[in-house]
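Each chain is listed here by its residues.
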2 protein chains.
Amino acid sequence: MTPRTTRVVCLVRRPDGEPLPRDFAVEEHPLPPLGEGQVLVRNLYMSVDPSMRGRLSTTEKHYTHNFTPGSPLDGRALGVVEESRCASVPPGTYVRHQLGWRERAVLDAVAVDGAGRIDPDVAPLPTWLGLLGQTGFTAYVGLTRIAHLRPGDTVFVSAAAGAVGTAAGQFARLLGAVRVIGTAGGPDKCALLVKEFGYDAAADYRAEPVRDALARLAPDGIDVYFDNVGGEQFAAALHALRTGGRVALCGMMSQFGGEGRTVDINQLIQAVLKRLTLCGFIVRDHEDLRTEFEQRVAGWLAEGRITARETVVDGLENAAGALLSLLGGGNVGKMLVRLGESAHGS
Amino acid sequence: MTPRTTRVVCLVRRPDGEPLPRDFAVEEHPLPPLGEGQVLVRNLYMSVDPSMRGRLSTTEKHYTHNFTPGSPLDGRALGVVEESRCASVPPGTYVRHQLGWRERAVLDAVAVDGAGRIDPDVAPLPTWLGLLGQTGFTAYVGLTRIAHLRPGDTVFVSAAAGAVGTAAGQFARLLGAVRVIGTAGGPDKCALLVKEFGYDAAADYRAEPVRDALARLAPDGIDVYFDNVGGEQFAAALHALRTGGRVALCGMMSQFGGEGRTVDINQLIQAVLKRLTLCGFIVRDHEDLRTEFEQRVAGWLAEGRITARETVVDGLENAAGALLSLLGGGNVGKMLVRLGESAHGS
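All of these numbers come straight from a predicted model, not from anything done at the bench.

Asks: Could you clarify how one ought to interpret the overall build of chain A in this entry?
Replies: Scanning chain A from terminus to terminus reveals 11 helices and 14 strands. For 346 residues, the compact-globule formula gives about 20 Å, and the C-alpha radius of gyration of chain A, at 20 Å, lands near that figure. Along the first, second and third principal axes, the C-alpha set of chain A runs to 65 × 45 × 35 Å. Counting all 346 residues of chain A, 57% fall into the buried class. A separation threshold of at least 6 residues defines the contact pool for chain A, and within that pool the share at least 24 residues apart is 69%. Of the roughly 13500 Å² that chain A leaves accessible, carbon and sulfur atoms contribute 51%. When the 36 positive and 39 negative side-chain charges of chain A are each reduced to one mean point, those points stand 2 Å apart.

So this is what it looks like as structure tokens:
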């Protein structure tokens, strides 16, 4: 019997400053009837992403649509087909798609066929949203195509304990970096970076100015900076970068907080003096690298050369809290929400 | 009879804040005897460059040496060989070299032979330090190799009435830009940009926030920003740039002033959202483009398609004042100091 409704996470109002739990609500919404060529998917994992922060608050048009008060959130998710009106995507197929933040979704089969299918025998389901998903792909594209990582480079990654950061550190080493340095908030995360995620050294940005930390940990400078935060750490990296250094501009979460907002933009003179290249990117522009990425990372996973680590929160009712936790730095690695039972769980 | 001394401009002390006339002095210094393979050059024109500002104040090592209190300044100059102990560079040869800020210099002939020779029949002598010199080359490299200017682009140039800016605007149009916008200080310079230098529109940054001016003059956004100043204009350009926009970071003069220092570096989030590429450059890294540049620009000059414009100050004793004037925006086009009589004058 096809369910007629699904629980969804709705945006109640645009946050006034930092988002609060009251800005979100779980509601029961009708599901559309399953049309020809469509599938009903039961979501098993949902991705919780820093990029959602901007989509909550802004009314400016960016590279993707913003969330609308009164409507469900959406985002990357992984589910299993429960019912199908498309022969090529039968029930039991595992698919990745964009209609997360709800327990069930009706999707066009063409949207989840092909690249949308995932193989749970290659890697556990959470990994398909993490190291093998958009998160890992972001790290891979940023290091390879944007920052042109070369063997022998010294690499600095900010927000290194986050989803993209834990991927970037490990990938950088496997791609030939001789030294990988990360920053994170607090001594526990810093210890994990070195112990689990392939970092040579880590610095606690709350305990020490990042400019000092880089001078200490990379006295000869850095070649690549993978920027997830902007602000003070970006400015510190400008000073640490060597001539010809490259910066992949990925996230800039600090722009949303109160801190770091007064960092002097004129430190960009460093970019002239040292011929730096700074390049912002959005990973979806680089789908042509997807196959290469999946093959390499699946290989590294199979060989046990990289560690997939997720912070998993259970239940749709805790999803908004997971987002708020993520924005407060409460995760290590990929932040996921798990829904119901999963055939291949972590 | 070989002169035994030359007048030179010396740095008396590092400026404390803005440079002042008392920080400089004209002195008589001995000339070394002319060795085998050397030439004595009488300087005719000296280049006055914004990049000298940093070399006066800083003790940090950058891409070139800094000036030393008690020693002569140096910089690009153009002169005529008066005496030679090298058969391939006879007296009467016009040469470009690095020992300006003095009336005469003894140079190794190999340093001025080949690429150092200039042909006064191709263009007037001042042009060889301006549009056909490092100034024009900077504009050309920045537009072509750094910003990847494409036919159809809308281009914004800051400090557009300066030496590099007047070149960049004209080159951009000839390289296929459909719209070229510049900023300058004051209505007179803005009028000149449109009247003489190929700009479609100009805005007075003193009269209007540059962000507003760009919204008005390029309502559909810009593709390329040629940055000569950094600071507020850089931030305004970030907002005006279209997806995939490119920034050539050239000068950032504003970093030396008191203004613009508090611009929020976090506006760089625009670089992520719009996949911008920002690239600092130093023109001397791109000598492989020199021949192409000289041929194209000499062709445009011969066809009367570009305007060479210099602000010329006479006499070594006025050279420091010319530098201070340049730093205060007192020039239109290339700022030069003329020494003595010149066979081919402007």
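Asks: Looking at this model, I keep getting lost on the environment of D49 of chain A. Mind explaining?
Replies: Residues and elements named next belong to chain A. Inspection of the secondary structure puts D49 in the loop between β3 (38-47) and α1 (52-57). Taking C-alpha positions, D49 is 8.8 Å from L327, a pair spaced 278 residues apart along the chain. Sequence-distant contacts of D49, that is, excluding residues within four places in its chain, are made with L323, L326 and K334. In terms of polar contacts, D49 uses its side chain to reach the side chain of S47, at 2.9 Å.

Asks: Would you mind going over the pairing of strand β8 (residues 179-184) of chain A with me for this structure?
Replies: Side-chain positions along a regular strand alternate between the two faces of the sheet. All names here are of chain A. Burial runs high along β8: five of the six residues are buried. For strand β7 (residues 154-157) and β8, the ladder comprises four bridges, and the chain directions are parallel. Its bridge partner lying in β8, F156 is registered against I181. A crossover links β7 with its parallel partner β8, the connecting element being helix α5 (residues 163-174), and its sense is right-handed. Sheet analysis places β8 next to strand β9 (residues 201-204), joined by four bridges and oriented parallel. For A184, the partnering residue across the bridge sits in β9 and is D204. Taken together, β8, helix α6 (residues 187-196) and β9 form a β-α-β motif whose crossover is right-handed.

Rules and cut-offs
- Residues numbered from 1 in each chain as written.
- Chains lettered and ligands numbered in written order.
- Predicted model: local features only at pLDDT ≥ 70, side-chain atom pairs only at ≥ 80, totals over all residues.
- Heavy atoms only, no water.
- Helix = DSSP H or I, 4+ residues; strand = E, 2+ residues; numbered from the N terminus.
- Rg over C-alpha atoms; globule rule 2.2 N^0.38 Å.
- Buried < 20%, exposed > 50% of the residue type's maximum accessible area, 1.4 Å probe, protein only.
- Contact = heavy atoms within 4.5 Å.
- Areas by Shrake-Rupley, 256 points an atom, 1.4 Å probe, with all protein chains shown as cover.
- Lys, Arg positive; Asp, Glu negative; His and termini not counted.
- Charge placed at Lys NZ, Arg CZ, Asp CG, Glu CD.
- Polar contact = N/O pair within 3.5 Å; in protein donor to acceptor, adjacent residues only side chain to side chain.
- Pairing = 2+ DSSP bridges.
- Right-handed = clockwise from strand over helix to strand, strands pointing away.

All we've got here are geometric facts, nothing functional implied.
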